[in-house]
Amino acid sequence: MNIPFLSFEPQHALLCDDMTATFSRVYNSYRYVLGEEVKQFEQEYAAFNQVAHTVGVANGLDALVLALRVLGVGPGDEVIVPSNTYIATWLAVTQVGATPVPVEPDPVTSNLDPALIAAALTPCTRAIMPVHLYGQACRMTEIMALAAQHNLYVVEDNAQAQGATFAGGVTGSFGHVNGTSFYPGKNLGALGDAGAVTTNDARLAHNVQVLRNYGSQQKYYNEVVGYNSRLDELQAALLRVKLPHLPGWTRQRQQVAAWYDQHLAGIVDLRLPAVADGATHVYHLYVVHTPQRAALQQHLTTQGIGTMIHYPVPAHLQQAYQALGLAPGSFPIAEELANTCLSLPMWPGMTETHVATVADVIQSF
């Protein structure tokens, strides 16, 4: 049995007629940028995410950049970021001229460890950017309390955890202004690049709306130096088709994870995902850890099972960030996670037979 790392086939079969009809509706509307579809999706996603405002933008990285911009974060400022994350988190900080200051994760959950943040704060710190990695919510009540104590902003990177919760609050609703991604492989994915900013602050939402559209409220009149970062009508309309299915797809992901937990239990040298108290996990990824990662991945590949590594090189060791002077060994937890992590197949529509087959191959290894 060949089992891909990711398959869109179950979604495609379920949504094909609705998506085709939606394309036809948008095509025949003659309105393709910042029209009614974007407005409706923004309202619907805000309701789903339990926030007052959603602003659709071109992609998840732009969402984080615009979030930092409207908070006034820029040159001379520092932003606390996880040492263990996709590089987009760091890139957003760099693109506004600020400096990313990495903090190590909790090695059990792989998420930013709130207990380590205070030691990294300086007079230049302006914000904390927690990432709900792999789909698990960070310990947001601790992070928000620390931010309030030190008068800092919080910008959540919610690209991988749409619908996850901590202590009953939905990820993407805790921070002052937050970013998410609708890249096709995300739990809620468009058919191309797309993203959004979420916030409960009407002023910040308005400022994002201005920045995303060339810094303009009225065409050809530009108040600030802005961006061209707009969620287009077609992607918004297609996301509207998918959004009502997201809770069901999340339950399917959680069931697949439960099957993995059951079938992989007790295997020596294989560490399974752990969920922090108070957090929920929507399993954008199901990530295991083993010191024998390379050999195990090769064994799974020869048996027709797809895997990926999220992420093989920590941001502080990327060539792009050599100027920060962070040598190997600077962040040993992030480096150990990068050297041992392996993402197993995870997608709505997987069956227990799929999971049992993956587990049997791992067990045989």
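Residues numbered from 1 in each chain as written. Predicted model: local features only at pLDDT ≥ 70, side-chain atom pairs only at ≥ 80, totals over all residues. Heavy atoms only, no water.

### Focus on the environment of Gly172
For Gly172, the position within the fold is in the loop between strand E7 (169-170) and strand E8 (178-181). Linking Gly172 and Trp259, residues 87 residues apart in sequence, is a C-alpha distance of 28 Å. If sequence neighbours within four positions are ignored, Gly172 has contacts with Asn49, Val51, His132, Glu156, Asn158, Asn178 and Thr198. (Helix = DSSP H or I, 4+ residues; strand = E, 2+ residues; numbered from the N terminus. Contact = heavy atoms within 4.5 Å.)

### Some remarks on helix H3 (residues 60-70)
Among the 11 residues that make up H3, nine are buried, leaving the element largely enclosed by the rest of the structure. Buried within H3 we find Gly60, Asp62, Ala63, Leu64, Val65, Leu66, Ala67, Leu68 and Val70. In this structure, the buried residues of H3 make contact with strand E1 (53-57), strand E2 (78-82), helix H4 (88-95), E8, strand E9 (195-199) and helix H6 (202-212). The N-terminus of H3 is capped by Asn59, whose side-chain oxygen sits 3.2 Å from the backbone nitrogen of Leu61. (Buried < 20%, exposed > 50% of the residue type's maximum accessible area, 1.4 Å probe, protein only. Polar contact = N/O pair within 3.5 Å; in protein donor to acceptor, adjacent residues only side chain to side chain.)

### Quick notes on the UniProt feature "modified residue: N6-(pyridoxal phosphate)lysine" (unreviewed entry) in the protein
In the numbering adopted here, UniProt assigns the feature "modified residue: N6-(pyridoxal phosphate)lysine" (unreviewed entry) to Lys186. Within the secondary structure, Lys186 is located in the loop between E8 and E9. Beyond its immediate sequence surroundings of up to four residues, Lys186 is in contact with Ala159, Gln160, Ser181 and His284. (UniProt positions renumbered as here; feature names shortened; annotations may be inferred.)

### So, empty space enclosed by the protein
Per the stated rule, a full pass over the model turns up four cavities of 30 Å³ or more. Looking at the largest cavity, it is lined by 15 residues, and the ones nearest its centre are Thr109, Ser110, Tyr134, Pro273 and Val287. Residues belonging to the lining of the largest cavity are distributed by class as follows: nine nonpolar, five polar and one charged. Mapping the lining of the largest cavity onto the domain boundaries places at least three of its residues in each of domain 1 (8-103 + 110-243) and domain 2 (245-364). Within this model, the second largest cavity holds a volume of roughly 60 Å³. Leu6, Phe8, Gln11, Arg253 and Pro348 are, among the 13 residues lining the second largest cavity, the residues nearest its centre. Its residues assigned to classes, the lining of the second largest cavity comprises five nonpolar, five polar and three charged. Lining the lining of the second largest cavity are residues from two domains, each supplying at least three of them: domain 1 (8-103 + 110-243) and domain 2 (245-364). (1 Å grid on protein atoms, 1.4 Å probe; cavity = no way out; pocket = protein on both sides within 12 Å on 5 of 7 lines; lining within 4 Å. Points joined across faces, edges and corners; volume = space filled by probe spheres on them. Nonpolar A, V, L, I, M, F, W, Y, C, P; charged D, E, K, R; others polar. Domains from an automatic or database assignment.)

### Points about the layout of surface pockets
A water-sized probe rolled over the atoms picks out the places where empty space is left. Taken as a whole, the largest pocket encloses approximately 680 Å³ of empty space. In terms of lining, the largest pocket is formed by 32 residues, of which the most central are Tyr86, Gln160, Tyr183, Lys186 and Tyr311. Secondary structure elements with two or more residues in the lining of the largest pocket: H3, H4 and E8. Looking at side-chain class alone, the lining of the largest pocket contains 16 nonpolar, 12 polar and four charged residues. Looking at which domains feed residues into the lining of the largest pocket, each of domain 1 (8-103 + 110-243) and domain 2 (245-364) gives three or more. Empty space within the second largest pocket amounts to approximately 280 Å³. Sorting elements by how many residues they give to the lining of the second largest pocket places strand E10 (residues 216-218) first, with three residues. Counted by class, the lining of the second largest pocket contains four nonpolar, five polar and three charged residues.

### Quick word on the UniProt feature "active site" (unreviewed entry) in the protein
Following the UniProt record, one finds the feature "active site" (unreviewed entry) at Lys186. Note on Lys186: relative accessible area 17%, which makes it buried.

### What about the packing of helix H9 (residues 293-302) against helix H11 (residues 352-364)?
Axis separation between H9 and H11 bottoms out at 10 Å; the angle between their running directions is 130 degrees. With respect to each other, H9 and H11 are oriented oblique. As H9 runs across H11, the sense of the crossing is right-handed. Counted together, Leu296, His299 and Leu300 of H9 and Val358, Val361, Ile362 and Ser364 of H11 form the full contact between these two elements. Residues belonging to the contact of H9 with H11 are distributed by class as follows: five nonpolar, two polar and no charged. (Axes fitted to C-alpha atoms, helices over the stretch in contact; angles between N-to-C directions. Parallel < 35°, antiparallel > 145°, perpendicular 65-115°, else oblique. Left-handed = near helix turned anticlockwise from the far one by under 90°.)

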